[in-house]
Amino acid sequence: MSGTVATRGGAGRFVGARVQRREDPRLLTGHGRYVDDVQLPGMVHAAFVRSPVARGAIRAIDVSEAQALPGVVAVLTGRDGWPLLPPWWPSEGQMPQLRPLAVDDVRFVGDPVAVVIAASRAIAEDACELVDVDYDVLEPVVSYLTAGAPGAPLVHPEMASNIVSATASPPDPDLDAAFAAADHVFSETIRSHRCTQVPMETRGLVATWEPGAGEMTVHLSGQVPHAARAYFAAALGLPESSVRVILGDVGGGFGQKAFHGRDELAVVLAARRVGRPVKWIEDRQENLTAASHAREEQMTVDLAVSAEGVIQAARIDHLVDAGSYPLQPADGTPGLVVAWFCGPYRIPAYGFSTTQVYTNTCALGPYRGPWAIETTAREIMMDIVARGLDLDPAELRRRNVLQAADLPYALPTGIVFDHVTPAATLEQVLELGGYDALRARQRAARAEGRLLGLGLSGYIEPTAFGGGRAMGIEAATIRVEPSGGVTVLMGLGSHGQGSETTMAQVIADHLGVALSDVVVVQGDTRSAPVGGGNAGSRAAVVGGAVAQLAAVKVRDKVFAIVAHLLEASPDDLQIEDGVVSVKGSPDAAVALTEVARIAYDDASRLPDGMEPGLEETARYSAPFATHSNATHLCVCEVDPDTGMVKILDYTVSEDCGVMINPTVVEGQIAGGVVQGIGGVLLEHAAYDEAGNPLAANFKDYLMPVADLVPDLRYGHVETPSSTPGGHQGAGEGGTIGAIAAVFNAVADALAPLGVRLTEQPLSPSRLLALIEDARA
């Protein structure tokens, strides 16, 4: 269900239109082409022997029985002379040495110890059972709360401690004075629990070594093809030009496929060793226990607040679990968390500390808003403050939220907000969701003994970070074919965002052709110009910008040719539906097909000095960050006899700049909200004290189903960013906002019982225990 749309950005013929996604007919009818659909002559299959213990020394490995099994091509262990792997992304912090397979010890349950290459996956798995590994089991470090303590067992023996990174803001007398002078100081420790990304398609690849050419081709389920190519090339010791990465259709990523693990590198290296194409498709147990996890962290928040509810200062202490082999920069998540903590509110004084530690658990990887705890903890604290001051949570936010007159606004950390509308989305969500009526409904429900709760959450989300090749730049090559069709080559790597559709909308608008004439080709490093792929909510922002720039360059060349042919000024020309005409003189026109024919086949008719052909490339470097913002409103009811939570209503007001396709934006919001709901209420990648994962299948790792999710109501505010298209990202905000909104709704429902929630997940068993304790 759609709500009111407040438009400030303006729209073209296609930009802003609810165009049906052109990917959908292929994907919904089973005609997509995923990695597992790739079949190559002579292809063999890989399976991994993985550690069953969280921490232990490898005494011996016997592979003789496995190698003797008919159909087995090779059994490779960590002691077979593998190279050291480069870090995925250079960063500050203490990083372990990376090898594709464990050599002398294992460091989490699921650590790859050996890889079997065989004629089929079934034979490879049977052979894995025949590999005999003798472990000396050692005490693991499972809890991140104790991992950094002196004397804790070392996750990585080559290091002096389990501290990955630690930083803090300098001492600030003004901050101390603000706390000392405050009418109220509220303090709480908020804990987020471990969960995982669970893409529909698990990780997978097919690697082919061509010894004659000295080239490696990798069909990959990934998000960032050119960055993956660079990483594989570094591991192989090859120039990037000798590695080709191809993305077909990708069944979800959510950050998990933005970086590639040791096991994936083992398959690539094994393909070169055996000289045959090697396919590896991760099974669901591997995905849940050995791919990557996220969100195991806590934050202690202190807020200094005036008697009127105005925030005067904030201080946070952040601790995050990096797992064993983090699949992102060591300073990535902590840096984002502390830099953006203040979010959409005026907080004049601020201090922080943040620490990241290793544990003998699955690696920390990015997951749709990997800095989400800054919003989760802050928004939970906003409700705690509101209850403490006997203020409505919406009113407390009104008194602190950034207003249009405050912009541009610099956070204490130096981040500058502009082109954001947190006050507008707050008011829109309250109106669209019927907030006052909901409060009246809640009072009536409480009079009946029902536990009805409302939860708000606001955030400002950094999207499309600028900087180096990995994230900040994008390129597009647009070629008008001799037939007049338009082919677009881009470095994006869509994994569900609808880039084939949205990029075509941008190009059709700015080139002046029919949408059906534009074909977007992405995800192949052999043909696509170097770009950053799809991660960090960047596709629309950076991809849309460069698509527009390239389209304008082609259009300018078309106008130059037609102006020469018609003896007109380029400034007097227009193009619509593939026909270039003189403004006000529709009879003076040339079809784009004729322009293309001349450009390729009749160069003598081109302006003097003009190169033949109709093909242009544009590159764009993003600003430091664009910022989207939104406010979420969740309504839920808690069953006091079972602890079950039912989401009754959900409203989102989002400002992601100029929307290319509102339906795609709403799809991104909806998917994110569902992940947030599941993350708070159901999903939990738990471990026992010995480091054994307790959620290795969908019986134990519970996912949200349709009856848990209500119809969503959407409101839109469109504030153009400073990028060429005015777009801002929308990929991660749905999840970021939903976590806190759902949590706050449940906490609000249980508040009359005196229940104080500070920790996730809010499972039925946990809620029921809290309800029973309150009754007792």
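Residues numbered from 1 in each chain as written. Predicted model: local features only at pLDDT ≥ 70, side-chain atom pairs only at ≥ 80, totals over all residues. Heavy atoms only, no water.

(A) Summary view of the overall build of the protein. Each helix and strand counted, the protein has 18 helices and 29 strands in total. For the protein, whose C-alpha radius of gyration is 28 Å, the value lies close to the compact-globule estimate of 28 Å for 776 residues. Projected onto its principal axes, the C-alpha coordinates of the protein cover approximately 90 × 70 × 50 Å. In the protein, which comprises 776 residues, the share counted as buried stands at 60%. Here the analysis covers contacts within the protein between residues at least 6 apart in sequence; of these, 80% occur between residues at least 24 apart. Approximately 27600 Å² of the protein is accessible, and the part contributed by carbon and sulfur atoms is 52%. Between the centroid of the 57 positive side chains of the protein and the centroid of its 93 negative side chains there is a distance of 2 Å. (Helix = DSSP H or I, 4+ residues; strand = E, 2+ residues; numbered from the N terminus. Rg over C-alpha atoms; globule rule 2.2 N^0.38 Å. Buried < 20%, exposed > 50% of the residue type's maximum accessible area, 1.4 Å probe, protein only. Contact = heavy atoms within 4.5 Å. Areas by Shrake-Rupley, 256 points an atom, 1.4 Å probe, with all protein chains shown as cover. Lys, Arg positive; Asp, Glu negative; His and termini not counted. Charge placed at Lys NZ, Arg CZ, Asp CG, Glu CD.)

(B) Just the packing of helix α5 (residues 225–236) against helix α6 (residues 262–274), in detail. Contact geometry for α5 and α6: axes closest at 11 Å, N-to-C directions at 55°. Put simply, α5 runs oblique to α6. Between α5 and α6 the crossing geometry is right-handed. Of the residues in α6, those touching α5 at Y231, F232, A235 and L236 are L265, V268, L269 and R272. For the contact of α5 with α6, the class distribution of residues is seven nonpolar, no polar and one charged. (Axes fitted to C-alpha atoms, helices over the stretch in contact; angles between N-to-C directions. Parallel < 35°, antiparallel > 145°, perpendicular 65-115°, else oblique. Left-handed = near helix turned anticlockwise from the far one by under 90°. Nonpolar A, V, L, I, M, F, W, Y, C, P; charged D, E, K, R; others polar.)

(C) Here's a closer look at helix α17 (residues 733–750). In this model α17 runs 26 Å from its N-terminal to its C-terminal C-alpha over 18 residues, within 8% of the 26 Å that 1.5 Å per residue would give. Here α17 lies mainly inside the structure; 18 of its 18 residues are buried. (Expected span 1.5 Å × (residues − 1).)

(D) Expanded view of the pairing of strand β28 (residues 645–655). Burial within β28 is extensive, with nine of its eleven residues counted as buried. Bridging between strand β27 (residues 626–638) and β28 involves ten bridges; their strand directions are antiparallel. Its bridge partner being in β28, V638 is matched across the sheet by V645. The turn joining β27 and β28, which pair antiparallel and follow one another in sequence, is formed by six residues; a positive phi near 80° is taken by G643. Pairing between β28 and strand β29 (residues 712–717): five bridges, direction parallel. (Pairing = 2+ DSSP bridges.)

(E) Examining the environment of V243 more closely. Position of V243 among the secondary structure elements: in strand β12 (residues 243–247). A relative accessible area of 3% places V243 in the buried class. The spacing of V243 and V519 is 276 residues in sequence and 25 Å in space, taken between C-alpha atoms. In this structure, V243 is in contact with M216, R229, F232, A233, L236, L238 and T525, ignoring residues within four places of it in sequence.

(F) View of the pattern of salt bridges. Under the defined criterion, the tally for this structure stands at 49 salt bridges. What emerges from the salt-bridge pattern is a single network uniting R50, R121, E125, R203, D263, E264, E282, D283 and E286. (Salt bridge = Lys/Arg side-chain N within 4 Å of Asp/Glu carboxyl O.)

(G) Representation of the packing of aromatic side chains in the model. Applying the stated criterion across every chain, the model contains six aromatic pairs. Ring geometry for F48 versus W280: centroids 5.4 Å apart, planes at 85°, classification edge-to-face. Here the residue F48 occupies a position in strand β2 (residues 44–50), and W280 occupies one in strand β13 (residues 278–281), the gap between them amounting to 232 residues. There is no split in this pair, since F48 and W280 are both buried. (Phe/Tyr/Trp six-rings, centres within 6.5 Å; stacked < 30°, edge-to-face > 60°.)

(H) Expanded view of the side chain of R713. Note that R713 resides in strand β29. By relative accessible area, R713 is classed as buried at 15%. Reaching out from R713, the side chain makes a polar contact with the side chain of D649 at a distance of 2.9 Å. (Polar contact = N/O pair within 3.5 Å; in protein donor to acceptor, adjacent residues only side chain to side chain.)

(I) Layout of the nonpolar core. The biggest cluster of nonpolar side chains holds 94 residues, and the ones touching the most others in it are V638, I647, Y650, L681, V746, L750 and L757. If you tally residues by element for this core, the top one is α17, at eleven residues. With residues near it in sequence (within four places) discarded, V638 still touches L451, G643, M644, V645, V746, A749, L750 and I771. Listed in part, the 52 residues of the second largest apolar core include I478, L511, V513 and I575. (Core = buried A, V, L, I, M, F, W, Y, C linked by side-chain atoms within 4.5 Å.)

(J) Seen up close, the side chain of N360. On the secondary structure map, N360 appears in the loop between β16 (349–357) and α9 (373–389). For N360, a relative accessible area of 0% puts it in the buried group. For N360, the side chain forms a polar contact with the main-chain oxygen of R107, separated by 2.9 Å. Ignoring anything within four residues of it in the chain, the contact list for N360 reads A54, R55, R107, F108, P140, V141 and V155.

(K) Expanded view of the sheet that holds strand β22 (residues 518–522). Spatial strand order, β22-β21-β20-β26: four strands in an open sheet with mixed pairing. Unpaired on one side and paired on the other, β22 and β26 (615–621) mark the two borders of the sheet. Put simply, the sheet's adjacent strands are angled 20° from each other on average, direction ignored. Here strand β20 (residues 473–480) runs beside β26; their pairing, made up of seven bridges, is antiparallel. The residue of β26 that forms the bridge with R479 is E615. Against the sheet, helix α13 (residues 499–511) makes contact with β20, β21 (486–490) and β22, and its axis sits at roughly 135° relative to β22, the strand it touches most.

By themselves, these figures tell us nothing about what the structure is for.
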